[in-house]
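Each chain, written out:
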Amino acid sequence: ERFATASGAGIALNTSVTAIRTEADRVTTVQTDRGTIATETVILAAGPFSRDLTPESIPVALWRRHRLVVDPDSRIPQDAPMTIDANTGAHWRPHRGGALMAWAQPEEDRPATWPVERDASWLDLILRSDRGVRRLCPFWSDVEPDLSESNTLFTAGLYTVTPDHKPLIGPARQIGGLWFNTGYSGHGIMGSPSGSRLLADLVAGNVQSADNPFDPGRFALGAKPPDVERIVL
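Residues numbered from 1 in each chain as written. Predicted model: local features only at pLDDT ≥ 70, side-chain atom pairs only at ≥ 80, totals over all residues. Heavy atoms only, no water.

*Asks:* Can you help me understand the pattern of salt bridges in this one?
*Replies:* Note that side chains of opposite charge can pair when their charged atoms are close. With the rule as written, the count across this model stands at eleven salt bridges. A salt bridge links R110 to E108, with the nearest nitrogen and oxygen atoms 3.2 Å apart. E144 serves as the salt-bridge partner of R128, at 2.7 Å between the closest nitrogen and oxygen. A residue pair is termed long-range when its members are at least 10 positions apart, and R128 in helix α3 (residues 121-128) and E144 in the loop between α4 (140-143) and β9 (152-161) qualify at 16 residues. Overall, the relative accessible area of 36% leaves R128 in the partly exposed class. Connected through salt bridges with shared partners, the residues D73, R75 and D146 form a single ionic network. (Salt bridge = Lys/Arg side-chain N within 4 Å of Asp/Glu carboxyl O. Helix = DSSP H or I, 4+ residues; strand = E, 2+ residues; numbered from the N terminus. Buried < 20%, exposed > 50% of the residue type's maximum accessible area, 1.4 Å probe, protein only.)

*Asks:* Explain the side chain of N212 here, please?
*Replies:* With respect to the element layout, N212 can be found in the segment after α5 (188-204). Look at N212 and you get buried, because its relative accessible area is 5%. At a separation of 2.7 Å, a polar atom in the side chain of N212 contacts the main-chain carbonyl oxygen of I169. Not counting the four nearest positions on each side in its chain, N212 is found in contact with I169, G170, L198 and L202. (Polar contact = N/O pair within 3.5 Å; in protein donor to acceptor, adjacent residues only side chain to side chain. Contact = heavy atoms within 4.5 Å.)

*Asks:* So what exactly am I meant to see when it comes to the sheet that holds strand β6 (residues 83-84) here?
*Replies:* The strands making up a sheet associate through backbone hydrogen bonding, with each pair oriented either parallel or antiparallel. Strands sit in the order β6-β7-β8-β5-β9 across an open sheet of five strands; the sheet is antiparallel. Of all the strands in the sheet, just β6 and β9 have a single pairing partner and so form its edges. Judged from the two bridges that link them, β6 and strand β7 (residues 90-95) form a sheet pairing that is antiparallel. Bridge assignment links I84 to a residue of β7, and that residue is H91. Lying on the sheet, α3 is in contact with β5 (61-70), β7, β8 (98-103) and β9; it crosses β8 at an angle near 110 degrees. (Pairing = 2+ DSSP bridges. Axes fitted to C-alpha atoms, helices over the stretch in contact; angles between N-to-C directions.)

*Asks:* Help me out: how do you make sense of the sheet that holds strand β11 (residues 178-182) in this one?
*Replies:* Here we have three strands laid out as an open sheet, ordered β4-β11-β10, and mixed in their pairing. The sheet is open, and its two edges are formed by β4 (42-44) and β10 (168-171), each paired on a single side. If you compare each strand with its neighbour and ignore which way they point, the axes differ by 15 degrees on average. Relative to β11, β4 is paired through three bridges, and the arrangement is parallel. Each bridged residue has a counterpart across the sheet, and for V42 the counterpart in β11 is L178. Each of β4, β10 and β11 touches α5; the most contacted strand, β11, lies at about 165 degrees to it.

Shown next, in the form of C-alpha cells:
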C-alpha cells in the first residue's frame with residue numbers, strides 16, 4: 001500500500017487484464033474486463049499470470065508450493081531455530097506460539113490459477129513421512145495426531161521459476177514497449193523492491209541493459225524453463 005501511494009500512479013481496483021495488444025511488434029493497448037487502455041509502455045509484473053499475458057514467450061515454469069501454519073501449542077518449542085532437513089528440504093520454524101512449515105518439493109509445471117488447488121498428500125509427506133519435519137524434530141510425532149482444519153491453515157501458491165532461478169527484469173526482446181518484472185523463483189518478497197527500483201532505472205535510461213544481470217535477453221529465444229526433479233519417497 002505504501003509503495004502504491006508513493007508512486008503517485010492511478011490504480012484500477014477490481015480490474016482484470018485479459019490481453020496485451022501489439023501492432024508492428026510494439027505495444028499499443030492493454031485489454032481489461034472494464035475496457036481498453038491505450039499505451040506505448042507496459043510493465044508486466046503479474047507473477048504466475050505473466051506467462052499467459054505476455055505476447056512474447058518467456059522461459060518461466062510454475063511450480064506449486066505448500067505452506068502449513070499451526071496454531072499455538074505448548075509442545076512446540078518457541079526458542080527453537082528454523083530447522084531445515086538438508087536431505088529433503090522439509091523445514092519448520094516457530095511462529096506466534098505455534099509453527100510455520102513448508103517443503104519446496106518440486107512439482108510438474110502447472111497452469112496459472114487462483115486459488116491454487118492444494119495437494120492433500122503433501123500433509124502426509126511433511127508431517128507423517130520419515131523424510132518430513134519429524135525426522136530431525138521427533139516432537140512432531142506427538143503434535144501431529146492433534147492437528148486438524150480447526151487449528152491449522154493449509155495453503156498453496158505458485159513459484160515463477162526461470163532456468164537460472166533469477167528474475168526477468170528488463171525489456172522484451174521482440175516487442176517494443178514491453179518490460180518484464182517477473183520470474184523471481186520464490187524470492188519475490190525479498191527481491192522485488194530492489195528489482196522494481198532497477199526496472200525503474202532501466203525504463204528511465206539510468207541503467208543500461210549491459211549492466212543488468214537480470215536482463216531477459218540473457219536467455220536464447222525459445223529457451224525452456226527448468227526441468228522438474230521429483231523427490232521420490
